[in-house]
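Listed here are the chains, written in short residue letters.
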Amino acid sequence: MRAMISPTQLARCLGDEHRLGIVCLLFRQEELCVCDLVSSLEAPQPTVSRHLAQLRGCGLVVARREGTWMHYRLNPALPAWARDTIGTLVAPAEQQLALSLRRAC
C-alpha cells in the first residue's frame, strides 16, 4: 500500500526544524527509538513525541512497539518522489541543524 501524500503536504510536514531533523535521522538509520531521537535532537521527550505524532499523521513515519519502547522509521510505502526529495534535503539539513545521531537506549 502506497502512502498518499502530495508535494504540498510533504513540504508542510517538513516545515518544522524538529520534524525535518527527525526525518533526516530516520533517513540515515533504518529505525530509531524515541530516546535516541530525544538525545540526538536535544529536545524534550514531549516535544519529540508531539512531532512524531504529526509525522505519523502525515504518513511519513510508521511506528512499532517493543515492550515499553516505541521505534520509528520512514514509511516504506512512501512514493519514490517523496523519498528522493527527503534524500536531497538530508545533507544540507543535517549541516544546518548540526544533526548527529546520539544513541541513548
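Scroll up for the structure.
Note that this is a predicted model, so its numbers are computed, not measured.

Draft legend 1. Fine view of the sheet that holds strand E1 (residues 32–33). One open sheet holds the three strands; their spatial order is E1-E3-E2, and the pairing between them is antiparallel. Bordering the open sheet on either side are E1 and strand E2 (61–66), each of which pairs with just one other strand. The pairing of E2 with strand E3 (residues 69–74) spans six bridges and is classified as antiparallel. Looking at the pairing, Arg65 lines up with Met70 of E3. Strands E2 and E3 of the sheet are contacted by helix H4 (residues 45–58), whose axis makes an angle of about 120° with E2.

Draft legend 2. Local environment of the pattern of salt bridges. Per the stated rule, a full pass over the model turns up four salt bridges. The shortest N-O distance in the salt bridge between Arg64 and Glu31 comes to 2.7 Å. In this pair, Arg64 sits in strand E2 while Glu31 sits in the loop between helix H2 (17–28) and E1, placing the two residues 33 residues apart along the sequence. Of the residues examined, Arg64 reaches a relative accessible area of 34% and is grouped as partly exposed. With its nearest N and O atoms 3.6 Å apart, the salt bridge here joins Arg102 to Glu42. Within this pair, whereas Arg102 is found in the segment after helix H5 (80–97), its partner Glu42 is found in the loop between helix H3 (34–41) and H4, the two being separated by 60 residues in sequence. By relative accessible area, which is 30% here, Arg102 ends up partly exposed. A residue is classified by how much of its surface remains accessible, and Glu42, at 63% relative accessible area, is exposed.

Draft legend 3. Summary view of the environment of Leu37. Looking at the secondary structure, you find Leu37 in helix H3. Its relative accessible area of 0% is what places Leu37 among the buried residues. Counting along the chain gives 39 residues from Leu37 to Pro76, while the straight-line C-alpha distance between them is 19 Å. Setting aside residues no more than four positions away along its own chain, Leu37 makes contact with Ile22, Leu25, Leu32, Val48 and Leu52.

Draft legend 4. Looking closely at the layout of surface pockets. The computed volume of the largest pocket comes to approximately 150 Å³. Every residue along the wall of the largest pocket is listed here: Glu17, His18, Gly21, Ser40, Leu41, Glu42, Leu97, Ala98, Leu99 and Arg102. Those elements giving two or more residues to the lining of the largest pocket turn out to be H2 and H3. Counting residues per element, the lining of the largest pocket draws most heavily on H2, at three residues. Grouping the amino acids of the lining of the largest pocket by side-chain chemistry returns four nonpolar, three polar and three charged.

Draft legend 5. Structural context of the packing of H2 against H4. Close contact between H2 and H4 brings their axes to 10 Å; oriented N to C, the two are set at 75°. The pairing of H2 with H4 is recorded here as roughly perpendicular in orientation. Between H2, through His18, Arg19, Ile22 and Val23, and H4, the contact on the second element is made entirely by Thr47, Val48, His51, Leu52, Gln54 and Leu55. Grouping the amino acids of the contact of H2 with H4 by side-chain chemistry returns five nonpolar, four polar and one charged.

What counts as what
Just so you know, the residues in each chain are numbered from 1, in the order the chain's sequence is written. pLDDT decides what is reported in this predicted model: residues at 70 or higher carry local features, side-chain atom pairs at 80 or more are listed and counted, and totals for whole chains, interfaces and linings draw on all residues regardless. Calculation of side-chain values draws on the structure's entire complement of heavy atoms; hydrogens and water are dropped beforehand. At least two bridges found by DSSP between two strands are what make those strands a pair. What counts as a helix is a DSSP run of H or I of at least four residues, what counts as a strand is a run of E of at least two, and both are numbered from the N terminus. When checking whether two residues touch, look at their non-hydrogen atoms; a contact exists if any pair is within 4.5 Å. To get an axis, fit a line to the C-alpha atoms, keeping to the stretch in contact for a helix; angles then go from 0 to 180 degrees between the N-to-C directions. Think of a salt bridge as a Lys or Arg side-chain nitrogen and an Asp or Glu carboxyl oxygen that are within 4 Å of each other. Throughout this description, buried means an accessible area under 20% of the type-specific maximum (1.4 Å probe, protein chains only), exposed means over 50%, and partly exposed covers the range between. Lining residues are defined by having an atom within 4 Å of a point belonging to a cavity or pocket. Those points lie on a 1 Å grid over the protein atoms alone, cavities being sets where a 1.4 Å probe fits but cannot get out and pockets being open sets with protein on both sides within 12 Å along at least five of seven lines. Grid points are joined across faces, edges and corners, and a volume is the space filled by probe spheres set on the points. Side-chain classes follow a simple rule in which Ala, Val, Leu, Ile, Met, Phe, Trp, Tyr, Cys and Pro form the nonpolar group, Asp, Glu, Lys and Arg form the charged group, and the remainder, Gly included, forms the polar group. By definition in this entry, angles of less than 35 degrees are roughly parallel, angles greater than 145 are roughly antiparallel, angles of 65 to 115 are roughly perpendicular, and the rest are oblique.

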